[in-house]
Amino acid sequence: QVHLVESGGGLVQAGGSLRLSCAVSGGTFSSYILGWFRQAPGKVREFVSAIYWTSGSTYYAESVKGRFTISRDNAKNTAYLQMNSLKPEDTATYYCAAARLGRLHYKDNSYGYWGQGTQVTVSS
């Protein structure tokens, strides 16, 4: 069984930065996609970013492109989401998730394993 644990959320002013971490345990992760999703009050859960673990190929939602950077550390089995130039509309609970290779990375139902979420609040 795969376990994912997010950390790094918090309160930050608009224009500031946060780095989220997603620690993965319980299995070999090299064949998986690691995705970040977020959900704000009154909003649907939306795709943020994804990384293909083996190749390192990355994908971003248009709303965060140029501001967020996804990366991974194979030795630590940990993924990161560096969030810069944060906006109040980035406020949400952020989740990391793992999907089998071959699934659509931008669809939440592609992901079989989810973390507990970490809260990000951006004040104006």
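Residues numbered from 1 in each chain as written. Predicted model: local features only at pLDDT ≥ 70, side-chain atom pairs only at ≥ 80, totals over all residues. Heavy atoms only, no water.

Engineer: Describe in detail the overall build of the chain, supporting the description with residues and values.
Structural biologist: When its secondary structure is counted, the chain shows zero helices and 11 strands. Across the chain, helices and strands are ordered from the amino to the carboxyl terminus as β-β-β-β-β-β-β-β-β-β-β. Compactness check: the chain gives a C-alpha radius of gyration of 13 Å against a globular reference of 14 Å for 124 residues, within 12% of the reference. With respect to the principal axes defined by its C-alpha atoms, the chain has extents near 40 × 30 × 25 Å. Classification of the 124 residues of the chain by burial places 44% in the buried group. Within the chain, contacts between residues at least 6 apart in sequence are counted, and of these 56% link residues at least 24 apart. Only carbon and sulfur atoms are counted for the fraction: they give 47% of the accessible area of the chain, which is about 6,300 Å². Put simply, the chain has 12 plus and 7 minus side-chain charges, and the middle of one group is 5 Å from the middle of the other. (Helix = DSSP H or I, 4+ residues; strand = E, 2+ residues; numbered from the N terminus. Rg over C-alpha atoms; globule rule 2.2 N^0.38 Å. Buried < 20%, exposed > 50% of the residue type's maximum accessible area, 1.4 Å probe, protein only. Contact = heavy atoms within 4.5 Å. Areas by Shrake-Rupley, 256 points an atom, 1.4 Å probe, with all protein chains shown as cover. Lys, Arg positive; Asp, Glu negative; His and termini not counted. Charge placed at Lys NZ, Arg CZ, Asp CG, Glu CD.)

Engineer: Describe the sheet that holds strand S8 (residues 78–83), and please don't skip the residues or the numbers.
Structural biologist: One open sheet holds the four strands; their spatial order is S1-S3-S8-S7, and the pairing between them is antiparallel. Edge positions in the open sheet fall to strand S1 (3–7) and strand S7 (68–73), since each of these has one partner strand only. When strand polarity is set aside, the average angle formed by the axes of neighbouring strands in this sheet is 15°. (Pairing = 2+ DSSP bridges. Axes fitted to C-alpha atoms, helices over the stretch in contact; angles between N-to-C directions.)

Everything listed here is a matter of coordinates, which is why it stays silent on function.
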